[in-house]
Amino acid sequence: MVTLLAKIFIKDSEDKIKQREAYGILCGVIGILFNVLLFIGKFLAGTLSNSIAITADAFNNLSDAASSIIGFVGVNMAEKPADEDHPFGHGRIEYVSGLVVAAAILLMGYELVRDSIGKIMHPEETEFTLLVAVILIASILVKLYMAYYNRAIGKKLDSAAMKAVATDSLSDTAATTVVLLASVFTHFTGIKIDGYCGLVVGLLVGYAGFDAARETLNPLLGQPPAHEFVEKIDEIVMSHSEVCGMHDLIVHDYGPGRQMISLHAEVPAEGNILEIHDIIDNVENELKEKLGCDATIHMDPIVTSDEHVSEMKAAVTSIIKGIDEQINMHDFRVVTGLTHTNIIFDVLIPYKFHIQDDELVARITSQVRDRLGNNYYVIIKVDHSYV
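Because the structure is a prediction, the values reported are computed rather than measured. Sequence positions are assigned chain by chain, starting from 1 and proceeding in written order. A pLDDT threshold of at least 70 governs which residues receive local features in this predicted model, and a stricter bar of 80 or more applies before side-chain atom pairs are shown or counted, although totals over entire chains, interfaces and linings include all residues. Processing note: side-chain calculations cover all non-hydrogen atoms of the structure and skip hydrogens and water entirely.

Caption draft 1: Highlighting the overall build of the protein. Helix and strand labels come from DSSP, where a helix needs a run of H or I of at least four residues and a strand needs a run of E of at least two; each type is numbered from the N terminus. Counting secondary structure elements, the protein contains 11 helices and 6 strands. We compute the radius of gyration over the C-alpha atoms and compare it with the globule rule, which gives 2.2 Å times the number of residues raised to the power 0.38. Its C-alpha atoms give the protein a radius of gyration of 29 Å, more than 25% over the compact-globule value 21 Å for 387 residues. In terms of principal-axis extent, the alpha carbons of the protein reach across some 95 × 50 × 35 Å. Out of the 387 residues belonging to the protein, those deemed buried represent 44%. To sort residues, take the accessible area from a 1.4 Å probe on protein chains only and compare it with the maximum for the residue type: under 20% means buried, over 50% means exposed, and anything in between is partly exposed.

What follows is the structure in structure tokens.
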């Protein structure tokens, strides 16, 4: 149904922002409609059967309708253009709206657990009918469909809010399934497990809320970019033969589809600076065209035609890799003086590396001077990766 409505109301466009807004409106309206209908059906079923688990599940759907409204508003607010107070746009509002959805899920999980404990302590008779069964089965099917289309469109648009709604729909499917099975069990055995069923539902909903919160909070705190995205950047930059290496890549995330890139590109120091600058401009334009990201590239000149420098670089690389294969080196320079020679470079190490920065610098310095001589001074900067 969503696919059909999308074909009718959403026109193909190269404007990704308008497409995101159109899909956000469509999914938001459908989500609100479905959840309101599910609330009415489950509330009726809960009243007829006197089941706290079914009634609580009904109010869970009512909270989902509110979550859909929040997600709908979040997607639309995120599409507001940049202004003087927000020069990078309002894209992160979508992450915030996803976090609000997660908070609503967590709150509902808490209320379900609380009410279910009360039902365990004071159990009541429940009545299970064919109408109740039909309502619950229909609810499961509808929620599975909602999870499917929200997840699919969330991936297509890279929307954290829609992914959070999809996660919520899956948790509702599991919760309603548990309620249905428990109702059938109680009907045929007479054993009152309605409260225990509600407790399981509450825990499932709470876990889904925690997972959704983590998914939307990480981009706000600053998570590393996807490995595939980094590989695409590296492929584009290094496809230009004039670029000798790339490092210090940072991906700035200002909301889905609003990423900016900054990086350092090593270029031959012997080259024509105007020609190399033109090449770097072409790389920035290519990143914009292929990945939709504005890019700022800093040129790092390195000597590539001096055989002595190349030999020293190979020797230092051998020393570094001998300490640990995870260490990488960049920005290698040699400055020769009357009394000594400075060897200057950066080393890149992973987080939680087993060697402390000061100890690593001391070990590299000692081994370099042992191999090349005491008249070589080593200046090392230790970097940590942002990707």
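Alright, that's what it looks like, and here's the rest.
Caption draft 2: Just the packing of helix H10 (residues 307–323) against helix H11 (residues 357–372), in detail. For helices, the fitted line uses only the C-alpha atoms of the stretch in contact; every axis is such a line through C-alpha atoms, and the angle between N-to-C directions lies from 0 to 180 degrees. Relative to each other, H10 and H11 sit at 135 degrees, their axes nearing to 10 Å. Taken together, the axes of H10 and H11 lie oblique to each other. For the pair H10 and H11, the crossing hand works out as right-handed. On H11, the residues touching Met312, Ala315, Val316, Ser318, Ile319, Ile320 and Ile323 of H10 are Leu360, Arg363, Ile364, Gln367, Val368, Arg371 and Leu372. Under the convention adopted here, Pro, Cys and the residues Ala, Val, Leu, Ile, Met, Phe, Trp and Tyr are nonpolar, Asp, Glu, Lys and Arg are charged, and Gly plus all remaining residues are polar. Broken down by class, the residue content of the contact of H10 with H11 amounts to 10 nonpolar, 2 polar and 2 charged. Should an angle fall under 35 degrees it is called roughly parallel, over 145 degrees roughly antiparallel, and 65 to 115 degrees roughly perpendicular, with every other angle called oblique. Helix crossings are classified by the rotation of the near helix relative to the far one: an anticlockwise turn of less than a right angle makes the crossing left-handed, while a clockwise turn makes it right-handed. Whether two residues touch is decided by their heavy atoms; if any such pair falls within 4.5 Å, the residues are in contact.

Caption draft 3: Representation of the pairing of strand E4 (residues 328–336) in the model. Sheet topology note: the E4/strand E5 (residues 341–349) ladder contains 7 bridges and is antiparallel. Across the sheet, the residue bridging to valine 335 is asparagine 342, located in E5. At least two DSSP bridges between two strands are needed for those strands to be called paired.

Caption draft 4: Here's a closer look at a nonpolar patch on the surface. A patch consists of residues exposed above 30% relative accessible area that lack any salt bridge, with like charges linked at up to 9 Å and nonpolar side chains (Val, Leu, Ile, Met, Phe, Trp, Tyr) linked at up to 5 Å. Under the convention used here, a 1.4 Å probe and the Shrake-Rupley method define accessible areas, while residue burial counts only the protein chains that appear. Any carboxyl oxygen of Asp or Glu that lies within 4 Å of a side-chain nitrogen of Lys or Arg is treated as forming a salt bridge with it. Taken together, the side chains of Val96, Val100, Leu217, Leu220 and Leu221 make up a nonpolar region of the molecular surface, amounting to roughly 400 Å² of accessible area. Of all elements in the fold, only helix H4 (93–121) and helix H7 (194–221) reach the threshold of two or more residues within the nonpolar patch. With respect to the helices and strands, the residue valine 96 is situated in helix H4. Residue classification places valine 96 among the partly exposed positions, given a relative accessible area of 42%.

Caption draft 5: Up close: the pairing of strand E1 (residues 245–253). The pairing of E1 with strand E2 (residues 259–268) spans 7 bridges and is antiparallel. Paired with valine 251 across the two strands is isoleucine 261, which belongs to E2. Here E1 folds back onto E2 in antiparallel fashion, the turn holding 5 residues, of which glycine 255 has a positive phi close to 120 degrees.

Caption draft 6: Representation of the nonpolar core within the structure. Definition of nonpolar core: a set of buried residues of the types Ala, Val, Leu, Ile, Met, Phe, Trp, Tyr and Cys, connected through side-chain atoms within 4.5 Å. Counting residues in hydrophobic clusters, the biggest one holds 26 residues, and the most contacted among them are Val179 and Val201. Elements with a minimum of two residues in this core: helix H3 (52–78), H4, helix H5 (130–157), helix H6 (160–189) and H7. Broken down by element, the residue count for this core peaks at 6 residues, all from H7. Excluding residues that lie within four positions of it along the chain, valine 201 makes contacts with Leu112, Ala175, Val178 and Val179. If you look at the next biggest cluster of nonpolar residues, it comprises 22 residues, including Phe332, Ile349, Ile355 and Val368.

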